[in-house]
Amino acid sequence: MRVGLRSLTTSFRARVALGYAIVVIVLAVVWAWSLYGPLTQATVDQQRSHLLTIARLSALAVSQETSPAAQDVAELVSRTDVRVTLISSAGVVLADSQHDASTMENHATRPEVAAALAGRTGYASRRSATLGVDLVYVAVPAVFRNQRIVLRVAEPLARVEAIAGADRKSVV
């Protein structure tokens, strides 16, 4: 056995083949690694776009409603794992689909809410102080009962990362 291994490493053909195999393996690893970051970012961007679409449609829906805010947000996401929060222009949480709004702190200083209060779309990823889970947030300016509000949607970051992981596996 030692003689066979020694002859493989001393043979010119064997050394060239081994060299090519190492180069191919290194290139395959580098290629897979180089896809990791861009593919993950593309998935996060796609999910943000998806949440933005939900937020805009939800803002349109709540602008037409006269029912209680809590009922509206519950109906908007009743069959999804997306969280919807209605926030007044003063930062007071009016309704939340996953938590009692009356127990929640003022949200005016949250980056995505501040951007929406300024008339822009706001984005953020962080741990929810209320739920204790990492979330991806998208907030848009909206109108509810003729009042300017912020409509914010959120999705667990773990779900976004799971989608990115599945995308990476399908490419690699």
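In this text, all values refer to a predicted model and were calculated from it rather than measured experimentally. (Residues numbered from 1 in each chain as written. Predicted model: local features only at pLDDT ≥ 70, side-chain atom pairs only at ≥ 80, totals over all residues. Heavy atoms only, no water.)

K.L.:
With reference to specific residues and values, describe the overall build of the protein.
P.N.:
Helix and strand counts for the protein come out as five helices and five strands. When the elements of the protein are put in sequence order from the N terminus, they spell out α-α-α-β-β-α-β-β-β-α. Taking the intrachain contacts of the protein between residues at least 6 apart in sequence as the baseline, contacts between residues at least 24 apart amount to 49%. About 10,400 Å² of surface is accessible on the protein, with carbon and sulfur atoms providing 60% of the total. (Helix = DSSP H or I, 4+ residues; strand = E, 2+ residues; numbered from the N terminus. Contact = heavy atoms within 4.5 Å. Areas by Shrake-Rupley, 256 points an atom, 1.4 Å probe, with all protein chains shown as cover.)

K.L.:
Summarise the pattern of salt bridges; cite the residues concerned and give the values.
P.N.:
Under the defined criterion, the tally for this structure stands at five salt bridges. We note a salt bridge from Glu-112 to Arg-126, for which the minimum N-O separation is 2.8 Å. Of this pair, Glu-112 sits in helix α4 (residues 111-117) while Arg-126 sits in strand β3 (residues 122-127), and the two are 14 residues apart along the sequence. When its relative accessible area of 0% is taken as the criterion, Glu-112 is described as buried. One network of salt bridges, in which partners are shared, links Glu-112, Arg-126 and Arg-152. (Salt bridge = Lys/Arg side-chain N within 4 Å of Asp/Glu carboxyl O. Buried < 20%, exposed > 50% of the residue type's maximum accessible area, 1.4 Å probe, protein only.)

K.L.:
Tell me about the environment of Arg-126, residues and numbers included.
P.N.:
Of the residues examined, Arg-126 reaches a relative accessible area of 22% and is grouped as partly exposed. With near-sequence residues (within four places) excluded, Arg-126 lies in contact with Arg-110, Pro-111, Glu-112, Val-133, Asp-134, Leu-135, Tyr-137 and Arg-152. A distance of 2.8 Å separates polar atoms of two side chains, one belonging to Arg-126 and the other to Glu-112. (Polar contact = N/O pair within 3.5 Å; in protein donor to acceptor, adjacent residues only side chain to side chain.)

K.L.:
Account for the side chain of Ser-88, naming residues and giving values.
P.N.:
Looking at where Ser-88 falls in the secondary structure, it is placed in strand β1 (residues 83-88). Since its relative accessible area comes to 14%, Ser-88 is described here as buried. Residues within four places of Ser-88 in sequence aside, it is in contact with Leu-94, Leu-117, Arg-148 and Ile-149.

K.L.:
Summarise a nonpolar patch on the surface; cite the residues concerned and give the values.
P.N.:
Together, Leu-18, Ile-22, Val-26 and Val-30 make up an exposed nonpolar region whose accessible area comes to about 360 Å². Position of Val-30 among the secondary structure elements: in helix α2 (residues 12-63). (Patch = residues over 30% accessible without salt bridge, like charges linked within 9 Å, V, L, I, M, F, W, Y side chains within 5 Å.)

K.L.:
How would you explain the side chain of Asp-96 if you had to name every residue and give the values?
P.N.:
Note on placement: Asp-96 falls in strand β2 (residues 93-96). A distance of 2.9 Å separates a polar atom in the side chain of Asp-96 from a polar atom in the side chain of Arg-83.

K.L.:
Describe the nonpolar core, and please don't skip the residues or the numbers.
P.N.:
Among the nonpolar cores identified, the biggest contains 20 residues, and Leu-51, Val-140, Leu-151 and Val-153 are the most heavily contacted of them. Within the residue set of this core, elements represented by two or more residues are α2, β1, β4 (134-144), β5 (147-156) and α5 (157-171). The element that contributes the greatest number of residues to this core is α2, accounting for six residues. Beyond its immediate sequence surroundings of up to four residues, Leu-151 is in contact with Ala-55, Ser-58, Ala-59, Val-62, Val-84, Thr-85, Leu-86, Val-138, Ala-139, Val-140 and Ala-142. Counting residues in each nonpolar core, the second largest holds six residues, with Ile-87, Leu-117, Ala-139 and Val-150 among its members. (Core = buried A, V, L, I, M, F, W, Y, C linked by side-chain atoms within 4.5 Å.)

K.L.:
Which residues make up the pairing of β2, and what are the values?
P.N.:
Here three bridges tie β1 to β2, and the two strands are oriented antiparallel to one another. Bridge pairing in β2 places Ile-87 opposite Val-93. Turn length for the β1-β2 hairpin, with the two strands adjacent in sequence and antiparallel, is four residues, and the turn residue Gly-91 shows positive phi of about 95°. (Pairing = 2+ DSSP bridges.)

K.L.:
Can you tell me about the pairing of β5, naming the residues and giving the values?
P.N.:
Counted residue by residue, β5 has seven buried out of ten residues, so it is predominantly covered. Strand direction decides the pairing type here: β1 and β5, joined by six bridges, are antiparallel. Looking at β5, one finds that Leu-86 is bridged to Leu-151. Here ten bridges tie β4 to β5, and the two strands are oriented antiparallel to one another. Residue pairing in the sheet places Val-136 in a bridge with Glu-155 of β5. Two successive antiparallel strands, β4 and β5, enclose a turn made up of two residues, where Arg-145 displays a positive phi of approximately 55°.

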